[in-house]
Amino acid sequence: MGDRLEAYRGSREAGRTRQAAYSFVIHQHHARRLHWDLHLERNTWAVPRGLPRDPCRHHLAVRTGDHEADRGEFGGGAMTIFDRGRYEVEAWSDDEVVVVLRGDRVSGRYALHRTRDCDWLIRRMDPPEPGWTPMPDQILPVRPIPAARLPGGDGDWAYEMEWDGARAIAAVEGGRLRLLDADGHDLTSAFGELRGLAESLAPTECVLDGVVVAFDREGRVSRSALRSRIEGGSRRRTGRIPVQLLVFDLLWLEGRSTEELGYADRRSLLADLDVSGEAWQTPPYFSGGGGFAVDAARAHELPAVIAKRLDAPYRPGSWLRVSV
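Residues numbered from 1 in each chain as written. Predicted model: local features only at pLDDT ≥ 70, side-chain atom pairs only at ≥ 80, totals over all residues. Heavy atoms only, no water.

Caption draft 1: Focus on the overall build of the protein. Along the backbone of the protein there are five helices and 19 strands. In the protein, buried positions account for 49% of the 324 residues. Pairs at least 24 residues apart make up 64% of the contacts formed inside the protein by residues separated by at least 6 positions. (Helix = DSSP H or I, 4+ residues; strand = E, 2+ residues; numbered from the N terminus. Buried < 20%, exposed > 50% of the residue type's maximum accessible area, 1.4 Å probe, protein only. Contact = heavy atoms within 4.5 Å.)

Caption draft 2: Geometry of the nonpolar core. Core analysis: the biggest nonpolar cluster contains 30 residues, and F191, L194, L208, V212, L245 and L273 have the highest contact counts within it. Only β11 (166-173), β12 (176-181), α2 (196-201), β13 (206-214), α3 (223-232), β14 (243-253) and α4 (263-273) provide two or more residues apiece to this core. Here this core gets five residues from one element, more than from any other, and that element is β14. Leave out the neighbours within four places in its chain, and V212 touches G165, A166, A168, L179, F191, L194, L226, V243, Q244 and L245. (Core = buried A, V, L, I, M, F, W, Y, C linked by side-chain atoms within 4.5 Å.)

Caption draft 3: Representation of the sheet that holds strand β2 (residues 34-39). Ordered by their spatial adjacency, eight strands build a closed barrel running β1-β2-β3-β4-β8-β7-β6-β5, and the pairing between neighbours is antiparallel. Adjacent strand axes in the sheet meet at a mean angle of 35 degrees when their direction is disregarded. Here strand β5 (residues 78-92) runs beside strand β6 (residues 96-103); their pairing, made up of seven bridges, is antiparallel. Directly across from E88, in β6, lies its bridge partner V100. (Pairing = 2+ DSSP bridges. Axes fitted to C-alpha atoms, helices over the stretch in contact; angles between N-to-C directions.)

Caption draft 4: Representation of the sheet that holds strand β9 (residues 145-147) within the structure. Reading across from one edge, β9-β19-β18-β10-β17 is the order of the five strands in this open sheet, with mixed pairing throughout. Every other strand in the sheet has two partners, leaving β9 and β17 (286-287) as the edge strands with one partner each. Relative to strand β18 (residues 304-309), strand β10 (residues 157-161) is paired through five bridges, and the arrangement is antiparallel. Following the sheet pairing, W157 is matched in β18 by R309.

Caption draft 5: Looking closely at the packing of aromatic side chains. Per the counting criterion, the structure on display carries seven aromatic pairs. Pairing W45 with W120 gives two aromatic rings, centres 5.4 Å apart and planes at 75 degrees, and the pair type is edge-to-face. Placement of W45 in strand β3 (residues 44-47) and of W120 in strand β8 (residues 119-124) is noted, with a sequence separation of 75 residues between them. Looking at W45, the relative accessible area reads 0%, which means it is buried. Considering the side-chain rings of Y314 and W319, the 5.7 Å spacing of their centres and the 85 degrees angle between planes classify their relative orientation as edge-to-face. (Phe/Tyr/Trp six-rings, centres within 6.5 Å; stacked < 30°, edge-to-face > 60°.)

Caption draft 6: Representation of empty space enclosed by the protein. Under the criterion given, the structure shown has three cavities of 30 Å³ or more. Within this model, the largest cavity holds a volume of roughly 100 Å³. In terms of lining, the largest cavity is formed by 14 residues, of which the most central are R53, D54, W132, E173 and E205. Within the lining of the largest cavity, the residues separate by chemical class into six nonpolar, two polar and six charged. Every residue along the wall of the second largest cavity is listed here: P136, D137, Q138, I139, I169, A171, R178, L180 and V207. (1 Å grid on protein atoms, 1.4 Å probe; cavity = no way out; pocket = protein on both sides within 12 Å on 5 of 7 lines; lining within 4 Å. Points joined across faces, edges and corners; volume = space filled by probe spheres on them. Nonpolar A, V, L, I, M, F, W, Y, C, P; charged D, E, K, R; others polar.)

Caption draft 7: Looking closely at α3. Along α3, the residues classified as buried are A225, L226, R229 and G232. End-on, the buried residues of α3 take up no more than an arc of 145 degrees, which puts them together on one face. Buried residues belonging to α3 abut β11, β13 and β14. (Arc of directions from axis to C-beta.)

What follows is the structure, encoded as C-alpha cells:
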C-alpha cells in the first residue's frame with residue numbers, strides 16, 4: 001500500500017504545476033468491507049458503494065485521509081486502481097466539495113456534502129452519458145408456458161434443465177447484492193453466502209435472472225431443504241443447508257437494459273461476466289438438440305426442460321416448459 005500512496009503523492013505534486021486541473025485516483029479496495037477510495041488533492045474518501053452514476057442516488061462517503069485508510073473496516077486487503085485522471089475544483093470548503101472528474105471510467109460533476117464528523121454524501125450533479133438507464137427496482141421474471149411436446153424448428157431454440165428451486169432476480173450494484181423472489185420479496189438475508197457474488201463481480205453492475213436451489217444430505221436438489229433455508233434464514237441448523245444460485249439470464253448491464261436482445265446474445269454477455277464461485281454458477285444450455293436435453297433431464301431425475309427461443313427478447317411467451 002505504501003508504494004501506491006507514494007505514487008499517488010507523486011501524481012499530486014505533478015498536478016500542482018497546472019492551475020486548472022489536478023490528478024485523482026480511485027482505488028477498488030477489498031478490505032474488510034469492499035469499497036472505493038477516492039483520492040483528491042487534499043482529502044481521501046472511502047465510498048462503500050462506489051461513485052453513483054445515477055443523479056438520483058446519494059452514496060455514503062467517509063473521509064479518511066491517506067494515513068487513515070489502513071485502519072478499521074476500510075483498511076487492509078488488496079487494492080487495484082479502478083480509475084485515474086484529472087479533475088477541476090468548482091467549490092472546496094469544510095462542508096462541501098464540488099469537482100468535475102475526467103477519467104477513463106468515471107467522468108462527471110460530483111458534489112460531496114458533509115453530514116457529520118467524517119461522514120459525507122456524494123452524488124452526481126450532471127446527467128449520465130446518453131443512453132444510460134438506472135438499474136430497475138424490480139423486474140418481473142418471465143415464466144415458461146406449459147407445453148405438451150418439444151417445439152418445432154429445433155435449431156431455433158435453446159434448451160435448459162428445470163431446477164426445482166426458488167426463482168430469484170439478483171441485482172448487483174456497488175459490490176452489494178439484493179436478491180428478490182418472483183413476487184418481489186427480499187431473499188437476501190436468507191442466503192447470506194450469496195452476498196459474495198456481488199463482490200466477485202465488482203465493479204460490474206448488473207441484474208441477473210436465476211434460481212436458488214438447496215441440497216439434501218445426499219447432495220440432491222431438495223425443495224424441502226430450500227423451504228427450511230427460506231424460513232430459517234442463515235441461522236443455526238438451517239445455515240448448514242448448502243445452496244447454489246444458478247444464473248441463466250442477464251437483464252441489465254452497466255446502465256443498459258438487455259431485455260430487448262435475443263436470448264443467445266444475452267447468454268453471450270452473461271458468459272463474459274464469468275459468473276462462477278463457491279455458491280453461484282451459470283449452468284449450460286443446449287442450442288438445438290431438444291431430444292438430448294430431455295434425455296439428460298430424465299437421467300438426472302429432473303422434472304422438465306425449458307425451451308427458449310434463441311432470437312427472442314425477454315418477453316412472456318418466449319419460454320416453454322416441457323415435462324419429461
